[in-house]
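Okay, here's what each chain looks like letter by letter:
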Amino acid sequence: MGGALDVNEFVAGYLVEVEEHLSASTANLLAAEAALRGGESNPKAIRELFRALHTIKGLSAMVGVEPIVDLAHAMETVLRAADRAAGSLSAASIEVLLRGLRSIEERARALAEGKPVLPAAPELLAALNALDLAAAPSPPVPIIGADPEILAKLGPGERVQLAQGVAGGRRALRVDFVPSPARTAEGVNITTVRERVGKLAEIVKVIPLSVPASEGAPGGIAFALLVLTSATDEEVARAAAADGVRALTVEPPVPPAVAALAEREPDEPADREPQLRGVVRVEVARLDDALDKLSALVVTRFRLARAAAELRARGVDTRDLSEILREHDRTLRDLRGAIMRARMISVTELLERVPLVVRGLGRATGKQVRLEIDAGKAELDKAVAERVFPAIVHLLRNAVDHAIEPPAERRRLGKPEEGVVRVSCFERSSNQLELSVADDGRGIDRALVARRAGRPAPESDAALLDLITLPGLSTLDQATKTSGRGLGMDIVRRIAVEQLSGELSVSTSPRAGTTFTLRIPLTLTIVDAFSFLCGDQLFVTPVAGVEEVVEIDAARIIRGPAPGEARGGTMLPALGEARGAAMLPAPGEARGGTTSPAPGEARGGTRLPAPGEARGGTMLIERRGEVVPLVDLGALFELGASPARRALVVRRHGAPFAFGVTRVIGQQEVVVRPLEDPLVRVPGVSGSTDLGDGRPTLVLDLVTLSGRVSAGRGGRGALARVAS
C-alpha cells in the first residue's frame, strides 16, 4: 500500500455521525430528566446515552479530535456509574452532562467550519469528574426469575427496565432463537428476528449463549431475547421463528447493595440496533445538483411541447410524438417525486432540538413548561426545514416568555403551575404543510399591543397579526435574554410569508392561550402551478395558494364603496377584512333574493362600472353566499383594459380574495427561480420560471399580493415595472 492515510477524507462522514449521535443523546438525557422529575429512573435512556457517547469517542479518536475524546470519556465515566446505579442520575449530573453535549457540539461545528478545535474546558472536565453519583439514591433492584446464565449477564439497569415494564402492564418474556443453515437460506437470522420482534415488543437485551452442538443447533450458539410486550406468546414466537416463549417472573424489588453486583466495563452490547442499515448518506449539494438537472429537463419538456404544437399547427401528424410526450411527462413526474423524496426529512427530525430549546427557555424565565409535540409522519424539503426552524424558535420564545404565566400567577388564576406549549403539524395537501405553536397562557392583550403601536385596538385576529408583526414592536418594557427587542414576530412573518411564500395566522383568547399557524409549501424549487393570462401577459402561481378557480359573471359584479365609505347607512368592510361579520349593502343592493342590476345600471344615483373600468371602490362577487372582494390583476399591473373572465380565489387570514384574470391556461410543473436582485424584488412576486420559450415568466404569490392590496400598499408602479 502506498501513501499515508488521510483522515480528512472521513471528516464529512464523521460530522454526520456525530450530529446524529448528539441528537439522540440530547433526547435520551431529557428523557432521563423527565423520569427524575417523576421520581423514577430511565435505565434504557442511560444505556442508549452511554452507547452514543461511546461511539462518539471512538469516531473522534479515529479522526484525531482529542478534545471531543476527552469530553466523551469523562461523560462515559458518569454514565457508567449511573448504569450501575440502575439508571439513577441526579439533577446536578444532568446539568453537567448537558453542558458536555453542548461542548461536543461546539467543537464538532468548529471542525466543520475549518476553525481550530479548542481543548476541553478544564472546569467542565473537573465538574464531570467531581460528580458524586454514589450519593444519588439507587432504586431497589428487583429479582428476576431466570436461568443463572441469563442473570449473570443482566445489569441493574436492565432489571429495573424489566420491572418498570411489568409494572406498566406488559409481560416480560424470554424468546430463544437458534440460527441454522436452513434458516439462513430462508433469510432468517438474528438481525431479521430482532427487526420483527422489535415491531411487537421492546427488546431489553439480546444475550448470546453457548449451547451443545446438535442437529437443531449446528453452530453451537443461540440467542436469548428478553422482551417486554403486550402481544400474545404465539405472535412473538412467530416473529422470532421460535418454538415457544418463556415468561420471566419479576418479584417485588428488594434493596441489595448495588456495589455487590458484578463490576463490569460496559462493552458494545449484543442488542445494539445497527443505525445505518439500508441507508446511504448523500451530501445535500449532490441532491441539489440532481434537482438542477431535473429542472433543466422540465424546461426542455416545455420547449418540446411547444415544438410539437407548432408542428401540429402546420398540419404535421404528431400522434406518435404526442404519445411519447405523454409517457415522457409521466416519467419526468415520477423522477421528480423520487428526487424530492430523497430531499425530504421528517418533521420529527426537524423538531428534535425543540425540547432542549423549551427547557432552556423555561429555566431562563423561571417558568414550568411542558412541551407536547405531534408531528405525525409529515415530511418537508430539507431546504424548507432549514428556513422555517428559526421561525419555530421565535414562536417558542414568545410562547414561553410572553404567554405562559409565572407559577404564582397561574395558581391565582386557577391554572396548573405547569404551562403547556404544543407544537403540531400535518400535511394539508400533497404540497403544503400546516404547523402550529399553541400555548395555554394569558393570550395577547389587544389594548396593550395597540398602545405600543400607537394605533386603534384591532378587532380581528388578522388585524392583530398585522400589529404584532410590525418591526420593533414589543410588549415588554425591557429586553431580556430571550425576547423583548421587537424582532421575533417580524422575522416569523418574513420567513413564512416572504421567503417561503406561505401564510401566517393567529388565534388568541384572553386567559385561554394563543395559537400561531404557519402554512408553508413542502418544497420551493419545482412546484405545481396554474398558468394564466392577464391581457397578453403570461403569469404562473403555485397551486397550493389557490383555493378555487371560478367563472366571473359580469352581470353579478357589484361595485362597493371605497373602504369605510357609507352607502345607505351600511358600511362595507375593507379589503381583506374578515367576512364572517361583514354587513352587506342596504336593502335593494344585497344578493339575498334581490335582483342585481346589469353592469352600468344606476343604483341610488351611483353608476356601476363595467368590468375593466376604473375601480373607484371595491369590486365584489358572490360565491356560495359569501361576499368576495375582486381585483382585476391586469388593471393592477397596468397591462391595459381586458375583461376578466376567470378569478383565482385565495384565502388570507381566513378571508377570501379573488383576482380576475383573462384566461386560465392550465396546470403544470414549473421550476421556480427566486429573484435575488433586491432592486426588482417586490412583495407578491416570489420568483420567475421558464415555460420553454426562453423568456422569464413571473411567479406570483397571490396570498401576499392580496395582503398588500388589502392594506392599500399594492405598489402598483413597482408591480407594473416588474410585470413589464
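In case you missed it, the structure is sitting above this.
A few points on the structure. (Residues numbered from 1 in each chain as written. Predicted model: local features only at pLDDT ≥ 70, side-chain atom pairs only at ≥ 80, totals over all residues. Heavy atoms only, no water.)

## Digging into the overall build of the protein chain
- Summing up its helical and strand segments, the protein chain has 22 helices and 28 strands in all.
- In the protein chain, which comprises 724 residues, the proportion classed as buried is 46%.
- Taken as a whole, the protein chain presents about 35500 Å² of accessible surface, with 54% of it coming from carbon and sulfur. (Helix = DSSP H or I, 4+ residues; strand = E, 2+ residues; numbered from the N terminus. Buried < 20%, exposed > 50% of the residue type's maximum accessible area, 1.4 Å probe, protein only. Areas by Shrake-Rupley, 256 points an atom, 1.4 Å probe, with all protein chains shown as cover.)

## Topic: helix H18 (residues 461-468)
- Taken residue by residue, H18 has Ala 462, Leu 464, Leu 465, Leu 467 and Ile 468 as its buried positions.
- In this structure, the buried side of H18 is in contact with helix H17 (446-453), helix H19 (488-499), strand E12 (503-509) and strand E13 (513-521). (Contact = heavy atoms within 4.5 Å.)

## A word on the environment of Val 703
- Mapped onto the elements of the fold, Val 703 is located in helix H21 (residues 702-710).
- Overall, the relative accessible area of 13% leaves Val 703 in the buried class.
- A sequence separation of 201 residues divides Val 703 from Gly 502, and the C-alpha atoms of the two residues are 7.9 Å apart.
- Those residues within four positions of Val 703 in sequence are excluded, and the remaining contacts are Glu 503, Gly 545, Val 650, Arg 651 and Arg 652.

## Comments concerning the nonpolar core
- Core analysis: the biggest nonpolar cluster contains 48 residues, and Leu 380, Leu 396 and Leu 504 have the highest contact counts within it.
- Among all residues touching Leu 380, those that are not within four sequence positions of it are Arg 343, Met 344, Ile 345, Val 347, Leu 350, Ala 385, Leu 433, Ile 520 and Leu 522.
- Of all hydrophobic cores here, the second largest spans 34 residues; its members include Phe 50, Ile 56, Val 65 and Leu 98. (Core = buried A, V, L, I, M, F, W, Y, C linked by side-chain atoms within 4.5 Å.)

## Regarding the environment of Ala 85
- Mapped onto the elements of the fold, Ala 85 is located in the loop between helix H3 (66-84) and helix H4 (91-112).
- In sequence terms Ala 85 and Pro 43 are 42 residues apart; their C-alpha atoms lie 9.0 Å from each other.

## So, the side chain of Ser 60
- Examined against the element boundaries, Ser 60 turns out to sit in helix H2 (residues 43-63).
- Side-chain polar atoms of Ser 60 contact the side chain of Tyr 14, separated by 2.8 Å.
- Aside from chain neighbours lying at most four places away, what touches Ser 60 is Tyr 14, Val 65, Ile 68 and Val 69. (Polar contact = N/O pair within 3.5 Å; in protein donor to acceptor, adjacent residues only side chain to side chain.)

## Here we look at the sheet that holds strand E4 (residues 221-229)
- The 4 strands lie next to each other as E3-E4-E2-E5, forming an open sheet whose pairing is antiparallel. Looking at which strands have only one partner, the edges of the open sheet turn out to be strand E3 (201-210) and strand E5 (245-247). The mean inter-strand angle of the sheet, taken between neighbouring strand axes irrespective of direction, is 25°.
- Judged from the 3 bridges that link them, strand E2 (residues 171-177) and E5 form a sheet pairing that is antiparallel. Bridge assignment links Leu 173 to a residue of E5, and that residue is Ala 247.
- Across the face of the sheet, helix H7 (residues 156-167) comes into contact with E2, E3 and E4 while running at roughly 140° to E3. (Pairing = 2+ DSSP bridges. Axes fitted to C-alpha atoms, helices over the stretch in contact; angles between N-to-C directions.)

## Some points on the side chain of Thr 469
- Position of Thr 469 relative to the elements: it lies in the loop between H18 and H19.
- Residue Thr 469 is classed as buried on the basis of its relative accessible area of 6%.
- A distance of 2.7 Å separates a polar atom in the side chain of Thr 469 from the backbone oxygen of Leu 465.
- Within the local environment of Thr 469, its side chain forms a polar contact with the backbone oxygen of Asp 466, the two atoms lying 3.4 Å apart.
- Excluding anything up to four places from it in sequence, Thr 469 contacts Met 489, Asp 490, Arg 493 and Leu 504.

## Some thoughts on the pattern of salt bridges
- The final tally for this structure, using the stated rule, is 43 salt bridges.
- Residue Lys 115 pairs with Glu 113 through a salt bridge whose shortest N-O separation is 3.1 Å.
- Arg 519 is paired through a salt bridge with Glu 434; the nearest N and O atoms lie 2.9 Å apart. Residue Arg 519 is found in strand E13, and its partner Glu 434 is found in strand E11 (residues 432-439); the two are separated by 85 residues along the sequence.
- One network of salt bridges, in which partners are shared, links Glu 547, Glu 548, Arg 623, Arg 624, Glu 626 and Arg 651. (Salt bridge = Lys/Arg side-chain N within 4 Å of Asp/Glu carboxyl O.)

## Concerning the packing of aromatic side chains
- What the rule picks out here adds up to 3 aromatic pairs.
- Note on Phe 539 and Phe 637: the rings are 5.2 Å apart at their centroids and 45° apart in plane angle, and the pair reads as tilted. Placement of the pair is Phe 539 in strand E15 (residues 537-542) and Phe 637 in the loop between helix H20 (633-636) and strand E24 (646-652), with a sequence separation of 98 residues.
- Accessibility expressed as a relative area gives 2% for Phe 637, which makes it buried.
- When the ring of Phe 657 is compared with that of Phe 659, the centres are 5.1 Å apart and the planes differ by 45°; the resulting orientation is tilted.
- Phe 657 gets classed as buried once you look at its relative accessible area, which sits at 2%.
- Ring pairs connect the aromatic residues Phe 532, Phe 539 and Phe 637, which therefore count as one cluster. (Phe/Tyr/Trp six-rings, centres within 6.5 Å; stacked < 30°, edge-to-face > 60°.)

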